[in-house]
Structure formats: C-alpha cells, structure tokens
Amino acid sequence: MDPVLLPTKVRIPPQPRRVLPRRRLIDALEQGAAHYKLTLLAAPAGYGKTTLLAQWAHASDSPLAWVSLGADDDDFERFFRYLLAAWEVVQPEVRDSSLGLLLETTSPDSDALLPAFVRTTGEMPGQLRVVLDDYHLIQAPAIHQALAFLLDHLPPTFHFVLSGRAEPPLPLARYRARRQLLELRAEELRLRPAEAGVFLSETMGLALTGEDEARLQEPLEGWIAGLQLAALSVRRGLTDAEQPLIVGRQRFIADYLAEDVLAHLPQEEQDFLLQTSILQRLCGSLCEAVTGEQGGQEMLERLERKNLFLMPLDDRREWFRYHGLFADFLQGELQRRSPAAAADCHRRAAAWYLAHELPEQAFHHALAGDDPQGMAQIFDRYLTAKLNAGELTGVRRWLEALPADWLEAYPVLDLGRAGFLAYTGAVEACMHCVDDVERRLRPAESEERRWQLARVTAVRCFLACMANDVPRAERLAEQALAELPEENLGFRPGIYAALGDTYRNNGRWQEAQQCYQTALTFTESPPIRVQAVHLYGALADLELQQGNLQNAYDYWREALAAIQERKAVSALPLSGWVHIRLGELLYQWNDLDQAREHLSRGLERAEAGGDVRALIAGYLLAARLELAQGDVESAAAHIEQARPLVEKAAFAEWRGHFHRCRLELWLAQDRLRAAVAWADEMLQGGEQQGWAESEAAQLSVARALIMIGDAASIARAQALLQPVLQAAEAQGRTGILIEALALQALAHWRRGRHTGALTSLQSALRPAQPEGYVRVFADLGLPLARLLQEARSRDVMPEYVARLLQAFEAGVVGTLPIDQGLPEPLTEREQEVLDLLAAGLTNREIGEALVISPQTVKKHAGNIYGKLGVGNRTEAVGRARELNLLE
C-alpha cells in the first residue's frame, strides 16, 4: 500500500469487546445492498452507523472494502487513492489495472480517471461493496460529481455504501425513483425498546427494572450515544434512571460531558483526554509526546475499558480514535480552558509527526499550533523532496495555507515559494523571490539567519545548474555546502544531484558520478528516497555512455527496486521510464522477449501518466523491436506515434534517436532516396542547430552516406565519424565509440579497403564483447553481416563473431557467399534495372525510363535480390558495389 496513506483507514474496524448485535439491520444490508447501486446510512452522530457497518462487514460472506474518511481526505486525488487502496485489500490485482496505473502517477488526469474506474469495475470478478464511512466530511464538489458519475455508469456488480451525518449532495430523488437506493435513516437505526434493554443490561452492565429501563430510554428515543452516556452516569452512581440526562439539543451533551463525566475523572485522565483530543488518531508514543507524560498505551487501554468513547482501529489495539462527538467536546473544552495549552499540544504533535516522517500531519498541527519555526523545519526537510516527486499540487496547497505574516517574518518559508516557482518554470519570478528573501535576511547577524542565507545560495546554485552555467554553479555549490548545517537534508543532497546533472551535460563523467554517489548517501532518509530513483537513473546513463551495459542494467534494477519496494513516493511517474530503459538494455543484448515484456509494462505506465520522454523512448524501442523481427509496417506506426512528441518536446537528445530509428525504417523499406535527401538536408544546414547536439544524429547521417556508397559520400561519412571517434575516445564514451567504429569499418569495406575494415571492426568488437553488445552490430544490416563473415573466415574473435552472426536473419546470412562471384549472372535488363535502383529511382520512374510497367520492374528487382542474396534494394546496391557490378 502507498506509504503516504494510513493503512488503518482502509481496514474494517474491529468489533468492540462488548457490542449489541443488530441482526435485523445486518440482514437488511446483506439482502438489500447487492440489489441497489447505493446504500445510504444517514443519521446524526451517535446512532451507531460505523458499528453497524463493521458488524455487517465481519458477518458477511461477500467481499467488502472499507474507507474511513477524514476531513483531510477532501481532495479529489487523495480520495480516489484511498478508494483504490481499499479496493486493493479485497482484490489485490486491481493495483495492476489501468485505474491502478493511472493513480500511481503524480498528477493523474481527472478526465481519464473516471472512465478507467468504470472499465476496471467491469474487469474485476464477482460482487464488491465499498463502504465510505463518515462521507459527510467530504465537501469538494468534484468528488460528489465524480461519485454521481460512477453511480450512473458502474456495472451492477459494484455497490457503494455511504454513511454520514447529513444527506450527501447526490441526485437521491432520481435514485429513489429508479429504485437504486437503499436508505437507513435515524428512524431505522435507532434502538428499539428490546434492543435498548439488551444494550443497557449486557453491553453497559446495568441491572435495571423494566420501569427504570423504560424511563431511561424514553427521552433518548433510541439514540445509542445518549443511552451510553446515561448508562455511564448511572453505573458510576452519579444519577439514577429516574433522572434522565440526555434530552433536547446537542448542548446538553456538552453540559453532561463537562459536568458529570469529565469532572469526575481523575485529574490525570482529564488532562490526557483534553490534550490528546487534538489528534485524529492516537497511539501510545504520540500521546506521550503530546502530553509529556509516560504510559500513553496503558492510559489508552484504561480509557477503552471505561467506555470513554475510544474506539480501536486495529486488532492489536495500538491505534485508537475518539468518538467524533466526544472529541469535539474535548477540543472545545481545551480551547476554553487554555488556548495556549492547545497551541502547545499542536506544536508537540507536529514535532512527533515530523520525527516519524509524516509531513502532512506535521504541517496540519504546526499550522494549528501557530508554530512558524516548526513549519520552517518541515519546509526545510520535505519541500525539496515533494517538488522532486512532482507533488506540485500539495506544495501549492501548503503555500496557500501559510499566514502572510509568517512569510514576512520567516523568509525560509518564502524560499519554499521560490522553489515552487522554479519547478513550475517561472524562473524569472523565482529569481525575484530569491532576491527579496536575501534582502530581508541580509541585515541579520544570527547563526540561524546565516543558515537561511546558505539556503538562498543553494537555490541560486540550482538556478545556475538549470542555466548550465557550470562555473557559477560550482562556486555557489561550494559556498552553500560550506555554510549549510551538516544535518540539513533538504538542500545538501539536492546540490550534489544538480551538480551531477550539470557535469553530465558537459561530459565531465567522473565528477558527475562522484556527485551522484555522494547524493545517494543521503537517501536512507525518507524525505530524500524519492531522489534515489533519479540518481540511479543518472548513474545508469553514465555507465551507458562508458559502454558498461551490465552496470547500467544493475543501476536501473536498483531504481526499479526503489519503486517496487515503496522506498519512493508511490505517485512518482518513473516506473514506466525505468521499465523502458531496462528494455533498451535487454534489446541491446538481443533478449527481445524480455525487452518486449519491459516495454509493455513501461508504455502502459507512461501512457497512463502522460510522461512524454518515456513515451518517446518507448515508441522508438517498440519500432526497433518490430524492425528486428521484420515487421516494417508496425515499426512505421510506432515511429509515427513518436514523431509529434519529438517535434513538440524539448528533448534534443531524443531527436537524434528518432532520426536513427527513422533511418533504419527507411532502409528496411528500400527508401534510399529518402535517406539521401535527409542526409543532404542535415549536411546543408537544414537542422544544424539541432542535430549537432546529438551524436546519434551524426552517426545516422554517416550511415546514410555509407549506404549511398559512392566515393564522395563515403569520404563525407568518414569526415563526420572522425571527430566523433576522437571525442568518444578522449572522454571514455565507449558506447558511442563502438557504434562509430562499426560504421568506420563499413566505410572502409564499401571502399574496398578490407584490411582497414577488419581493423576497425576488431577495434569495435574488443570493448563490445565483455559487455555483450549485439544489436549495435546487427542493426547495421547485411553489409555488416558480410564483414563479420569475413572476420569469421580469418578467425577474428570467433566465438563473439559467431554469436553476432546468429542475431542476423538466418535465412539471409546463410546465403551470403564468401567469395565475390554470383551463382547466376544478371541479364542485360536486370543490369539496367540495377543501375537505376542504384541511382535512387522508384519502380514507377524505372518503368518510365525503360518503357516497362512497374510490376515488371518489381519482378526484375526480385530476380536481382535472389541472385545477389539480399533482401531489399539498399542491400542490393551495396552488394553490387562490392561485386563491381555498377558504373
């Protein structure tokens, strides 16, 4: 389950030790709920709604999911995450559904969420009832509208059960008219006289005469909470059944609780109840932190035994909650007696939640306790982590809740606003905000203010890294790290990670690796764990640049483990990206089945989360997998899916990968003319500003020139390859070096320089063999297969070469003749067609030139392919040049 959600909220509440069986109502729910889309329990507080539903849940043979709602669940995304978590308890497979994948993303598309919910309900087996307890605490119109939509569109196997103190704003009249609503109101929930008698005698332990029992029941009209209050008073000897205590409006409850319950408790119990009433949920250590006294667990168990409106939330009775009515009374009493004490309790609760890594609860209590210093600690520790996790909506909600005078008096809080602006792309506004914070901090000389200025310096460092200003970033990083406290977990790891990205962008691999490794030393702290996924991915890319496929694979596996083990925030939209990058490595090893498996998982998550970068990578990998298995049509479809994303997104490096994949498609489609035109456009400056940023694009242009095959084109290809080779070798980027050397070998081979070709090939094979590279060679097609056959004939790295040759189509490679002759010579007409194929003409244009039909041209081309032992026109032209069959 998502670690930021409370497990107790999706568990069916355990039954109290002594509980009144409500068999007639349980039977009504069991028999009726399955026949209605909506079951509604609506009654004032104290009518036993939750207790009844819990009894039903424990007695029912059918699956039932449970969500105990709180005021903090009045958020669209949070509401549906809890709904999914409850559903998962009953049907764990729902986590892998389209709904589950969508809700794993940082900001799920609300328009897509409801259709996904409806689809998922149709896919799940059997009947399912979902209880939403205390639904009256939900006020957001978007949630009500969403629930109404679901009720209108859900299949008959899915049922909602709502309980609350007021009618929900749903079209109940329409549901009644359509007989889709089962209602249990106060009239049905109230205790009947016989039930009340059993409750007073067996549950509350009172021995009353029939007359006294009736006298006690009459003014309460079956109100369970009132009966309990009255019975407690009678049992303690504070009154008798002849003097009913619970009558009229709710203010009498408060009077009773204050004067006849709370006042008669020992002082330590009174203090405990008042101080802990600020908590929505209680456990022993939390109560000890709030009260400053030991024995929190023992006190909770004592209060439960006294039936002081304390309800267990788990079977081990570690977590409890007060009855809402009782808690409201206690909070009001605490505020009346000592507002300062109430604020102190909130501050101590905030400190406990902060120490236990629960920032949302810490934020709530720091705000309620008027504790800007505690809030500054929360911001310092968690804000950067929340921004890294993409929780921009939550950060905005935090910032909007802060009092304006806090932002003025505590600039570090305003610095959080600067970070939010930077992450949302408002860089200029961020810089103005940072300048203003620094202006307000400068006059002060305290150590605390100096630390705050160090945080300002850290933010300026982040901005310098975003601008790729390496000297300034280094200078600011050194200053910030020297001035920040050693225990600072909000900024120190972020500085190292930002510097690592900047070094990586500028080819400073070793320094980047050191920064990432240093940042990872902080990730044992939960606020920073989310960053670990980014760091593992960055390290994997570094290893990939250096040609270390196995190390890169291990890092991506670490990243995936961090997500799967819930070390990172579950909403983090990274799992799709990680699966796709793992698929790329498996593809390079020619493990196509496993690569496709990871690709499927990755694309499903990327499409659900709308991660553009992951979608581009996924579609391109899908295209390459299809090309590797000969499905040109499917490959073209995937490339077309990637095209608009590449054109719109600002990912320069992925433009190069797109060009390379599209070139491979053109070659597989025999569209040499398209490849030639694209290469000419690139070389003439049509995309000079973009393609120079990507060596992948440069290598693609070189390959296109080599496939053209004339001396001038090959010379241009070699001129392109030379600086790439030099830079890759100087910087230790073995991955680029292997591919460039393989292309250089092809260039030599096409010009008839077999010795140079084999030398370059061996230089590529030597570093590639230990890491298991396969597809970097196999994707270069038949020309490289011939070169590998030549290497095999000369006993060059025989085992590795044999493995590479297996990656090519066996039917094609097996027919490649080692000698330079043809088993059957070309006819005169076939030679004419071959010459025009080499010139780049289409079948129609060749037919017009030779005054024959395109179908006849196609027949001649097929004969040529068979005689040359090739599969397409590009390979035919290449093979013909090797055999000196062309002018």
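Along each chain, residues carry numbers from 1 onward, in the same order as the chain's sequence is written. It should be noted that, the model being predicted, local features are given only for residues of pLDDT at least 70 and side-chain atom pairs only at 80 or more, the latter also being counted only at that level, while totals for whole chains, interfaces and linings use all residues. Note: side-chain values were computed over all heavy atoms of the structure, leaving out hydrogens and water.

Moving on: the overall build of the protein chain. Of regular secondary structure, the protein chain possesses 48 helices and seven strands. Classification of residues uses two cut-offs on accessible area relative to the type maximum, computed with a 1.4 Å probe and protein chains only: under 20% is buried, over 50% is exposed, and between them is partly exposed. The buried share among the 887 residues of the protein chain stands at 56%. Contacts between residues were defined by any pair of non-hydrogen atoms, one from each residue, lying within 4.5 Å. Put simply, 67% of the contacts in the protein chain that link residues at least 6 apart link residues at least 24 apart. Calculation of accessible area relied on Shrake-Rupley with a 1.4 Å probe; when residues are assessed, cover is drawn exclusively from the protein chains displayed. Surface accessibility of the protein chain: about 37300 Å² in total, with carbon and sulfur atoms responsible for 49%. Only runs of H or I of at least four residues qualify as helices and only runs of E of at least two qualify as strands under DSSP, and these elements are numbered from the N terminus.

Our next topic: the pattern of salt bridges. Salt bridges, as used here, are contacts in which a Lys or Arg side-chain nitrogen is within 4 Å of a carboxyl oxygen on Asp or Glu. Taken as a whole, this structure holds 47 salt bridges when the rule is applied. The closest approach of N and O atoms between lysine 9 and aspartate 73, which form a salt bridge, is 2.3 Å. Placement of the pair is lysine 9 in the segment before helix 1 (23-32) and aspartate 73 in the loop between strand 2 (64-68) and helix 3 (76-90), with a sequence separation of 64 residues. Accessibility classification places lysine 9 together with aspartate 73 in one group, the buried group. Across the salt bridge formed by glutamate 167 and arginine 185, the nearest N and O atoms sit 2.7 Å from each other. On the criterion of sequence distance, the pair formed by glutamate 167 in the loop between strand 4 (158-164) and helix 7 (172-177) and arginine 185 in strand 5 (residues 181-185) is long-range, its members being 18 residues apart. Judged by relative accessible area, which is 47%, glutamate 167 ranks as partly exposed. Take arginine 185: its relative accessible area is 23%, and that puts it in the partly exposed class.

Before going further, it helps to spend a moment on the pairing of strand 4. For strand 4, the buried fraction is high: seven of the seven residues fall into the buried class. Burial along strand 4 is two-sided: the residues Phe158, Phe160, Leu162 and Gly164 and His159, Val161 and Ser163 are all buried. What makes two strands pair is DSSP finding at least two bridges between them. Sheet topology note: the strand 1 (residues 38-42)/strand 4 ladder contains five bridges and is parallel. By the bridge assignment for strand 4, leucine 38 is matched with phenylalanine 160. Strand direction decides the pairing type here: strand 3 (residues 128-133) and strand 4, joined by five bridges, are parallel. Note on strand 4: the bridge partner recorded for leucine 128 is phenylalanine 158. When the strands point away from the viewer, a crossover counts as right-handed if the path from the first strand over the helix to the second runs clockwise. In this region the chain leaves strand 3, passes through helix 6 (residues 141-153) and returns to the parallel neighbour strand 4; the handedness of that crossover is right-handed.

Within helix 48 (residues 873-882), nine of the 10 residues are buried, which leaves it mostly tucked inside the rest of the structure. Considered for burial, the residues of helix 48 that qualify are Arg873, Thr874, Glu875, Ala876, Val877, Gly878, Arg879, Ala880 and Glu882. Whenever a nitrogen or oxygen atom comes within 3.5 Å of another N or O atom, the pair is scored as a polar contact, on the condition that within protein one atom can donate a hydrogen and the other can accept it, and that pairs from neighbouring residues in sequence are kept only if both atoms are in side chains. Taking the backbone nitrogen of threonine 874 as reference, a side-chain oxygen 3.1 Å away marks asparagine 872 as the first, capping residue of helix 48. With its phi angle positive at about 55°, asparagine 884 sits one or two positions after the end of helix 48.

What follows is about the confidence of the model for the protein chain. Detailed reading of the predicted model is not advised wherever pLDDT is low. Note: pLDDT gives the predictor's confidence per residue, expressed from 0 to 100. Averaged over every residue, the pLDDT of the protein chain is 83; the share at 70 or more is 88%. Between residues 241-250, whose pLDDT stays under 50, and residues either more than four places distant or in other chains, the model counts 19 contacts. This model gives residues 567-572 a pLDDT under 50, and the stretch forms 22 contacts once residues within four places in sequence are excluded.

With that settled, consider helix 33 (residues 632-648). Taking 1.5 Å as the rise per residue, helix 33 with 17 residues should run 24 Å; its terminal C-alpha atoms sit 25 Å apart, in good agreement. At alanine 642, helix 33 is bent by approximately 25°, the largest bend along its length, and proline proline 644 sits one to four residues beyond. Along helix 33, the positions that sit buried rather than exposed are Ala635, Ala636, His638, Ile639, Ala642 and Val646. Multiplying one less than the number of residues by 1.5 Å gives the expected span of a helix. A residue's bend is the angle separating two fitted axes: one through the seven residues that end there, the other through the seven that start there.

Another aspect to go through is unusual backbone geometry. Phi is positive for arginine 179, which is not a glycine, with a value near 55°. Among the structural elements, arginine 179 can be located in the loop between helix 7 and strand 5. Of the residues examined, arginine 179 reaches a relative accessible area of 69% and is grouped as exposed. Of note, the phi angle at glutamate 357 is positive, near 60°, even though the residue is not glycine. As for its placement among the helices and strands, glutamate 357 is situated in the loop between helix 17 (339-355) and helix 18 (359-368).

Let us look at a nonpolar patch on the surface. Patches draw on residues past 30% relative accessible area with no salt bridge. Two like charges within 9 Å are joined, as are two nonpolar side chains (Val, Leu, Ile, Met, Phe, Trp, Tyr) within 5 Å. On the surface, Val427, Met431 and Met466 cluster together into a nonpolar patch covering about 260 Å² of accessible area. With a relative accessible area of 31%, valine 427 lands in the partly exposed category.

This part takes up the sheet that holds strand 5. What links the strands of a sheet is backbone hydrogen bonding, and the strands pair in either a parallel or an antiparallel sense. With parallel pairing, five strands are arranged side by side in an open sheet as 2-3-4-1-5. Since the sheet does not close on itself, it has two edges, and those belong to strand 2 and strand 5, each with one partner. Adjacent strand axes in the sheet meet at a mean angle of 15°, parallel and antiparallel pairs treated alike. Where strand 1 lies against strand 5, five bridges are found, and the strand directions are parallel. Each bridged residue has a counterpart across the sheet, and for leucine 41 the counterpart in strand 5 is leucine 184. Against the sheet, helix 3 engages strand 2, strand 3 and strand 4, with an angle of about 145° to strand 2. Axis geometry follows a simple rule: fit a line to the C-alpha atoms, using only the stretch in contact for helices, then measure angles between N-to-C directions, giving values from 0 to 180 degrees.

Moving on, we get to the environment of arginine 803. Summarising the element assignment, arginine 803 is placed in helix 43 (residues 798-807). For arginine 803, a relative accessible area of 37% translates into the label partly exposed. The sequence separation of arginine 803 and glycine 772 amounts to 31 residues, and the corresponding C-alpha distance is 9.7 Å. Setting aside chain neighbours within four positions, we find arginine 803 in contact with Trp589, Gly772 and Val774.

With that settled, the discussion passes to the packing of aromatic side chains. Aromatic pairing here means that ring centres of Phe, Tyr or Trp (its six-membered ring) are within 6.5 Å. Orientation follows from the plane angle: under 30 degrees is stacked, over 60 is edge-to-face, and everything else is tilted. As enumerated under the stated definition, the model contains 16 aromatic pairs in all. A centroid spacing of 6.5 Å and a plane angle of 85° characterise the contact between phenylalanine 777 and tyrosine 800, whose relative ring orientation is edge-to-face. With phenylalanine 777 in helix 41 (residues 775-778) and tyrosine 800 in helix 43, this pair connects stretches of sequence that are 23 residues apart. Using a relative accessible area of 0% as the deciding quantity, one classes phenylalanine 777 as buried. In our convention, an over-ring charge means Lys NZ or Arg CZ found within 6 Å of a ring centre and within 35 degrees of that ring's normal. The ring of tyrosine 82 has lysine 9 lying over it, and the distance from NZ or CZ to the ring centre is 4.6 Å.

With that out of the way, let us pick up the packing of helix 42 (residues 782-793) against helix 43. With their axes 10 Å apart at the nearest point, helix 42 and helix 43 run at an angle of 150° to one another. Relative to helix 43, the element helix 42 lies roughly antiparallel. As for how helix 42 packs across helix 43, the hand of that crossing is left-handed. Only Val801, Leu804 and Leu805 of helix 43 make contact with helix 42, whose side of the interface consists of Ala785, Leu788, Gln789, Ala791 and Arg792. Residue composition of the contact of helix 42 with helix 43, grouped by class: six nonpolar, one polar and one charged. When describing relative orientation, an angle under 35 degrees is termed roughly parallel and one over 145 degrees roughly antiparallel, while 65 to 115 degrees is termed roughly perpendicular and anything else oblique. Crossings are assigned a handedness: left-handed for a near helix turned anticlockwise from the far helix by less than a right angle, right-handed for a clockwise turn. Only Asp, Glu, Lys and Arg are considered charged, only Ala, Val, Leu, Ile, Met, Phe, Trp, Tyr, Cys and Pro nonpolar, and every remaining residue, Gly among them, polar.

Summarising the element assignment, leucine 499 is placed in helix 26 (residues 492-505). Spatially, the C-alpha atoms of leucine 499 and phenylalanine 462 are 8.2 Å apart, while their sequence positions differ by 37 residues. Those residues in contact with leucine 499 that lie beyond four places of it in its chain are Cys465, Ala473, Glu474, Ala477 and Cys515.

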